[in-house]
Amino acid sequence: LGLDHFLTRFGQFMQGHPLVLKFLTWIVLWFEKAAPIMLIMPVWNGPMRVLSVLGIWAMHIGFGSCLNLGMFVVTPGVCSLIFLPAWFWEVIVPFVRTHAPLPRAYRTPASAGPVTIYTRGDRTWMVATTFSMFFLWNRYQIVDADSRTQEPKADKAGVYSPSPAIRRGSIDGVALDVRGAEEVVPLPSDHDFGVDYQGKRSSGCLGVLSLFEASCLWFLCPLLRLRVVCTGATRVANFLRRMEVQYNMFGSWVYPGTPRKFRSWKVTELIALFFTVFVVYWNFCTFYRSPINPKVFWIGPTFKVDQWWGMFAPHPPKEGGWFVIHGINAAGEQVNVFREGDPVTLEKPDLFSATIPSHRWRTYLLGLPNQRLADNRVHYGRYLCREWNFWGRHPGDQQLKSFKIIYMREETRLDDVKVEAVPMVLWEHTCF
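Predicted model only: the values in this text are computed from it and were never measured.

Conventions we followed
Residues numbered from 1 in each chain as written. Predicted model: local features only at pLDDT ≥ 70, side-chain atom pairs only at ≥ 80, totals over all residues. Heavy atoms only, no water. Helix = DSSP H or I, 4+ residues; strand = E, 2+ residues; numbered from the N terminus. Buried < 20%, exposed > 50% of the residue type's maximum accessible area, 1.4 Å probe, protein only. Contact = heavy atoms within 4.5 Å. Areas by Shrake-Rupley, 256 points an atom, 1.4 Å probe, with all protein chains shown as cover. Expected span 1.5 Å × (residues − 1). Arc of directions from axis to C-beta. Pairing = 2+ DSSP bridges. Axes fitted to C-alpha atoms, helices over the stretch in contact; angles between N-to-C directions. Polar contact = N/O pair within 3.5 Å; in protein donor to acceptor, adjacent residues only side chain to side chain. pLDDT = per-residue confidence, 0-100. Phe/Tyr/Trp six-rings, centres within 6.5 Å; stacked < 30°, edge-to-face > 60°. Disulfide = S-S within 2.5 Å. Parallel < 35°, antiparallel > 145°, perpendicular 65-115°, else oblique. Nonpolar A, V, L, I, M, F, W, Y, C, P; charged D, E, K, R; others polar. Core = buried A, V, L, I, M, F, W, Y, C linked by side-chain atoms within 4.5 Å.

Scanning the chain from N- to C-terminus turns up 15 helices and 10 strands. For the chain, with 432 residues in total, the buried portion stands at 33%. Sequence-distant contacts, at least 24 apart, represent 63% of the contacts inside the chain between residues at least 6 apart. Accessible surface computed for the chain: about 28,200 Å², of which carbon and sulfur atoms make up 65%.

Written out as structure tokens, the structure is:
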């Protein structure tokens, strides 16, 4: 929290509670050691994996509340979702859906039963199956809207290959045996999709709305009720239907006439093995700070497998600071180019990170004091001239003539001793 360019207002508040920070640091270090073990525990695997995923989210939300880290706050949490076990979807999600304090219109009673989805056409079946698999809270079944379910025919190898006109029902993603079932009431001729949910059958846009009400995306229902959204979605669906009928875009791919045979190519397996070994070698070299063989170095940047795990490692930056851009306008007056309207001063701002527009700008500005990126200074100077003088923002005597980019370098110490900042003139620029 000693890095001013990352510090948030909450992080500034936490600086006044060093004992709490020490306790949180201890928890984070132990959790980072325990989380990999919790993910592979053979006992109580479901609860332990859910607890580890929640811990990863809590840890990075804590980081993001104290430091401006951009997408780093969200990315690890999203990646950790792949470790959620079946126990989470089979136990936790139905319990939350049934007992959580959601609006009454979006709660699912325990006796609600499965959601029945009627489809017509391969395109609609594909979309309904994918949506149901990922977003539905309830048990679901997908059936054909036009014909009785027919017995699929098996080839000599025993592989069932239903014709394009037949749909296999499914419930919770498992094949549903509906042999002998009554004929399904067909959908209107202009609709390819319908839903039967809680005793109410609907099709078209109303069917989509009912499906969203039964899913974890229930909060989007007010948007789907807008007429413009419904009209646009209907036109897109009609266009896709015409393409499907005219060019058979989906049928032959979803239900091929003969069973597909997938062959394993030795060449692709060797390529995958080579890059796996190379990535392990690259990470080993970067982690232990050993040089990479120049003969194979080009493979990394060429195929974009060059990885660098150096964020705040092996230690956080030992220095920070803030920028002061002292300018002179056409009238000879001093102006603050970095924070327009504020007086020109070398004093540290109350919250320097709040003066930086975005995380991309933060990354760019932090590179200016680096001598290896010194070429960026002239481009930044030209940018400041354009932004100040052009577009009619500062006419006449308010035009910027020259300025100096000053970086107030401040050492960050572990013993929390304040060190006086040292001004460094990075660049002097004249606008023309």
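That shown, we press on.
What follows is about helix α15 (residues 376-389). Between its first and last C-alpha, α15 extends 20 Å over 14 residues, near the 20 Å set by a 1.5 Å rise per residue. Those residues of α15 not exposed but buried are Arg 377, Tyr 380, Gly 381, Leu 384, Cys 385, Trp 388 and Asn 389. Buried residues of α15, viewed axially, fall in a sector of 145 degrees; they line one side. Buried positions along α15 lie against β7 (319-329), β8 (334-336), α14 (359-367), β9 (400-411) and β10 (422-430). Positive backbone phi, approximately 65 degrees, marks Trp 391, located one or two places after α15.

By way of backbone hydrogen bonds, the strands of a sheet pair with one another, either parallel or antiparallel. Here we have four strands laid out as an open sheet, ordered β8-β7-β9-β10, and antiparallel in their pairing. A strand with exactly one partner marks an edge of an open sheet, and here the two such strands are β8 and β10. Averaged over neighbouring strand pairs, the angle between their axes works out to 25 degrees when direction is ignored. Pairing of β9 with β10 involves eight bridges; the strand directions are antiparallel.

Locating Asn 336 in the fold gives a position in strand β8. By relative accessible area, Asn 336 is classed as buried at 5%. Separated by 3.0 Å, the side chain of Asn 336 and the backbone nitrogen of Arg 339 make a polar contact. For Asn 336, the side chain forms a polar contact with the main-chain oxygen of Pro 343, separated by 3.3 Å. Apart from the residues lying within four places of it in its own chain, the contact partners of Asn 336 are Ile 325, Asp 342, Pro 343, Val 344 and Trp 388.

Right, let's talk about the confidence of the model for the chain for a bit. Residues of the chain with pLDDT of at least 70 account for 77%, and the chain-wide mean is 78. The secondary structure element of the chain with the lowest average pLDDT is strand β4 (residues 174-176), at 38, and the one with the highest is α15, at 92.

Evaluated as defined, the whole model comprises 20 aromatic pairs. Between Phe 338 and Phe 352, the ring centres sit 6.2 Å apart and the planes meet at 20 degrees, which makes this aromatic pair stacked. Of this pair, Phe 338 sits in the loop between β8 and α14 while Phe 352 sits in the loop between β8 and α14, and the two are 14 residues apart along the sequence. The pair Phe 338 / Phe 352 is uniform in exposure class, with both members buried.

A word on the state of the cysteines. Within the structure shown, the criterion is met by two disulfides. The disulfide partner of Cys 205 is Cys 230, and the gap between their sulfur atoms is 2.1 Å. Its torsion about the S-S bond being 110 degrees, the disulfide of Cys 205 and Cys 230 is classed as right-handed. On the criterion of sequence distance, the pair formed by Cys 205 in helix α7 (residues 204-213) and Cys 230 in helix α9 (residues 227-247) is long-range, its members being 25 residues apart. Owing to a relative accessible area of 27%, Cys 205 belongs among the partly exposed residues under this scheme. Judged by relative accessible area, which is 24%, Cys 230 ranks as partly exposed. Should the bonded cysteines of the chain be numbered as they appear in the sequence, the pairing reads 1-2, 3-4.

Within strand β1 (residues 115-119), five of the five residues are buried, which leaves it mostly tucked inside the rest of the structure. Burial along β1 is two-sided: the face carrying Val 115, Ile 117 and Thr 119 and the face carrying Thr 116 and Tyr 118 are both buried. By the bridge criterion, five bridges tie β1 to strand β2 (residues 140-144) in an arrangement that is parallel. When the bridges of β2 are listed, Ile 117 appears paired with Ile 142. For β1 and strand β5 (residues 193-197), the ladder comprises four bridges, and the chain directions are antiparallel. Residue Thr 119 lies in a different strand from β5, and its bridge partner there is Phe 193.

At a closest axis distance of 10 Å, the pairing of α14 and α15 adopts a crossing angle of 130 degrees. The angle between α14 and α15 falls in the class oblique. Of α15, the residues touching α14 (which contributes Trp 361, Tyr 364 and Leu 365) are Asn 376, His 379, Tyr 380 and Tyr 383. Partitioning the contact of α14 with α15 into residue classes produces five nonpolar, two polar and no charged.

Ranked by internal contacts, the top residues of the largest apolar core, which has 24 residues, are Phe 323, Ile 325, Val 337, Tyr 380 and Phe 403. Put simply, the parts of the chain that give this core at least two residues each are β7, α15 and β9. No other element matches β9, which puts six residues into this core. Contacts of Val 337, omitting those with residues within four sequence positions, involve Ile 325, Gly 327, Leu 384, Trp 388, Leu 400 and Phe 403. Phe 131, Phe 193, Phe 212 and Ala 214 belong to the second-largest nonpolar core, a separate cluster that totals 17 residues.

Time to look at the pairing of β7. Counting buried residues along β7, eight of its 11 residues qualify, which places the element largely inside the surrounding structure. Strand direction decides the pairing type here: β7 and β9, joined by 11 bridges, are antiparallel. When the bridges of β9 are listed, Phe 323 appears paired with Tyr 407. Bridge count between β7 and β8: three bridges; the pairing is antiparallel. Opposite Gly 327, over in β8, you have Val 335 as the bridge partner. Here β7 folds back onto β8, and the loop between the two strands holds four residues, one of which, Gly 332, carries a positive phi near 85 degrees.

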